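Observations on chain architecture
Single-letter residue listing:
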Amino acid sequence: MLAGENGCEKQEKVNLLGFSRAKMEEFFLSLGEKRFRATQVIQWIHQHGVADFEQMTNISKPLRLKLTEVAEVRSPEIIYHNISKDGTKKWVMRLDGGNSVETVLIPEGNRGTLCVSSQVGCSLDCSFCSTGKQGFNRNLSAAEIIGQVWVALRSFGEYDPSREKPITNVVMMGMGEPLLNFDNVVDAMSLMMDDFGYGISKRRLTLSTAGVVPAIDKLGDLTDVSLAISLHAPDDALRNILVPINKKYPIAELLAACHRYLGKLSDRRKITVEYTLIKGVNDQPEQARALAQLLKGIPCKINLIPFNPFPSSDYQRPSKAAIEQFQHILGYAGHVATVRTTRGDDIDAACGQLVGRVDDKTRRSLKYIPVTSLDTVGINVVADKAL
Ligand code: SAH
């Protein structure tokens, strides 16, 4: 509640940006309006990038006035926008409460992959990830998650249906563990897939998880997006160190959950297995063989990610030869293994380099040298002219 000018309590406006179709319909029904208004407003907000109800011209004047009174479309605010030498774009967005998160767009031929954050920081503390080193503050709201797509798309200027789509794929691989912010992530993803929202197909929308097993099962009951798991080790002893949530949900349980997830899908799809290669830690030929054996019989493609260094980490990236050898061993065993090209690392936009600004509630960050990329980003920022 906000205090009104005359001292009366004034109702805070409801932010429609993160409303899934179901929530939007509920909202219009509560106003005594027809269900189809939800479709219209979703279209205006997400397809046309319109935040001002006055511009929603197929909605009657009285309803537009009513909406202006009770509702708003409020997106995160861009603090910085930077473009890498390789065309990768990064946005740092300020959220309510002074935190910020980072969003990255990776253009590749006629594809544009947006990497979206789901939490301010992360509670999982994987040993090789800079986001984890920052500790955790809070979950993003559905509006803050979908707001990253909204902001990124609007940066390309006016909506033009004849133009090629700048965002064709979304990966929930930014800051945070998406399955620990379950409801908001599912709502935001439903807008990404909605034909009147962003129309991204389930095959082009990927959620990446460190392995929250019960939530993988729940996810399979509610949606059918593509699933990626952050494996990073072929055995529990090593995975316990790299991905501590493994102590709770060990590898066998995680892989069984992947099987169950694939079993619920109506089409044939593969799990993406992410494996960050760290020199001398998990990059040895015998570890590649153990990984190949572990994943035998699981419909998957393996994505090898050369470790991306960050200031407070002692880990190193393996040599090109070691990466290739690892890949060849997997290929020889019959797996499809690709090496993820490092993109945007000159602007700290590569995997595991996203840090935003986290007001750490866990105080974990005090153990490490501060790794705020914001200050470095600030030096070579380019203004976002399209906005
Ligand atoms: N919490 C989710 C999504 C965020 S991380 C998850 O764990 O899957 C997205 C991917 O980047 C994960 O596979 C993660 O393990 C990887 N990653 C994190 N830090 C990295 C680093 N420093 N170098 C390379 N990959 C990293």
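Our structure is the block above this text.
The notes below deal with the structure included here.

The rules behind the values
Residues numbered from 1 in each chain as written. Predicted model: local features only at pLDDT ≥ 70, side-chain atom pairs only at ≥ 80, totals over all residues. Heavy atoms only, no water. Core = buried A, V, L, I, M, F, W, Y, C linked by side-chain atoms within 4.5 Å. Buried < 20%, exposed > 50% of the residue type's maximum accessible area, 1.4 Å probe, protein only. Helix = DSSP H or I, 4+ residues; strand = E, 2+ residues; numbered from the N terminus. Domains from an automatic or database assignment. Contact = heavy atoms within 4.5 Å. Arc of directions from axis to C-beta. Axes fitted to C-alpha atoms, helices over the stretch in contact; angles between N-to-C directions. Parallel < 35°, antiparallel > 145°, perpendicular 65-115°, else oblique. Left-handed = near helix turned anticlockwise from the far one by under 90°. Disulfide = S-S within 2.5 Å. Near = heavy atom within 4 Å. Polar contact = N/O pair within 3.5 Å; in protein donor to acceptor, adjacent residues only side chain to side chain. Phe/Tyr/Trp six-rings, centres within 6.5 Å; stacked < 30°, edge-to-face > 60°. Lys NZ or Arg CZ within 6 Å of the ring centre and 35° of its normal. Pairing = 2+ DSSP bridges.

**What about the nonpolar core?**
Counting residues in each nonpolar core, the largest one holds 101 residues, and the members touching the most others are Met-192 and Leu-219. The leading source of residues in this core is helix α6 (residues 182–193), at eight residues. Built from parts of two domains, this core gets at least three residues from each of domain 1 (13–72) and domain 2 (77–377). Contact partners of Met-192, with chain neighbours within four places excluded, come to Ile-145, Ile-146, Val-149, Val-170, Met-172, Tyr-198, Gly-199, Ile-200 and Leu-205. Grouped together as the second largest cluster of nonpolar side chains are five residues, Val-104, Cys-115, Ile-347 and Ala-349 included.

**Section: helix α1 (residues 21–30)**
Along α1, the positions that sit buried rather than exposed are Met-24, Glu-25, Phe-27 and Phe-28. Projected down its long axis, α1 shows its buried positions confined to an angular sector of 160°, all on one face. Summarising the geometry of α1, the exposed residues directed more than 90 degrees from the buried face are Ala-22, Glu-26 and Ser-30. Its buried side turned inward, α1 meets β3 (14–15), α2 (36–47), α3 (61–70) and β4 (71–72). In the stretch just after α1, Gly-32 is the one whose phi turns positive, near 80°.

**Some thoughts on the packing of helix α10 (residues 285–294) against helix α11 (residues 320–332)**
Following both chains from N to C, one finds α10 and α11 inclined at 30°, their axes separated by 9 Å at the closest point. Classified by the interaxial angle, the pair formed by α10 and α11 is roughly parallel. As for the relative orientation of α10 and α11, their crossing is right-handed in sense. Facing α10, whose interface residues are Pro-285, Gln-287, Ala-288, Arg-289, Leu-291 and Ala-292, α11 presents Gln-325, Phe-326, Ile-329 and Leu-330.

**Here's the deal with the state of the cysteines**
Using the criterion set out here, one finds zero disulfides in the structure. A disulfide-free cysteine, Cys-258 has its sulfur positioned 8.9 Å from the sulfur of Cys-300, the nearest such atom. You can call Cys-258 buried: its relative accessible area is 1%.

**Regarding unusual backbone geometry**
Positioned with a positive phi, Asp-125 is a non-glycine residue whose angle comes to about 55°. Note that Asp-125 resides in the loop between β9 (119–121) and α4 (130–133). At His-232, a position not held by glycine, the phi torsion is positive, near 70°. Relative to the elements of secondary structure, His-232 occurs in the loop between β13 (226–230) and α8 (236–242).

**Re the site of the ligand**
Near the ligand lie 20 residues; those nearest to it are Phe-128, Ser-208, Ser-230, His-232 and Asn-308. Take Ser-208: an N or O atom from its side chain is 2.6 Å from an oxygen atom of the ligand. Between the ligand and the protein, one listed contact pairs an oxygen atom with a backbone N or O atom of Thr-209 at 3.4 Å. Sorting the residues of the shell around the ligand by element identifies β12 (205–209), β14 (271–277) and β15 (300–306) as the ones contributing at least two each.

**Remarks on the packing of aromatic side chains**
Inspection of the entire model under this criterion finds five aromatic pairs. Here Phe-27 and Phe-28 contribute two aromatic rings whose centre-to-centre distance is 5.2 Å and whose plane-to-plane angle is 75°, an arrangement assigned as edge-to-face. Taking the centre distance of 5.9 Å and the plane angle of 85° together, the rings of Phe-307 and Tyr-315 count as edge-to-face. Of the aromatic side chains, those joined through ring pairs into one cluster are Phe-19, Phe-27 and Phe-28. Lying across the ring of Phe-182, Lys-218 places its NZ or CZ 4.3 Å from the centre.

**So, the environment of Ala-71**
Within the fold, Ala-71 resides in strand β4. A C-alpha to C-alpha distance of 6.8 Å links Ala-71 and Leu-16, two positions 55 residues apart in sequence. Once residues within four sequence positions are removed from consideration, Ala-71 is found in contact with Lys-13, Val-14, Leu-16, Phe-27 and Phe-53.

**As for the sheet that holds strand β16 (residues 336–339)**
A sheet is described by the order of its strands in space; here 10 strands give the open sequence β5-β6-β7-β8-β11-β12-β13-β14-β15-β16, paired in mixed fashion. The open sheet has two edge strands with one neighbour each: β5 (77–83) and β16. Averaged over all neighbouring strand pairs, the angle between strand axes comes to 20°, with direction disregarded. Bridging between strand β8 (residues 111–115) and strand β11 (residues 169–172) involves three bridges; their strand directions are parallel. Looking at β11, one finds that Leu-114 is bridged to Val-170. Where α6 meets the sheet, it contacts β11 and β12, and its direction lies at approximately 160° from that of β12.

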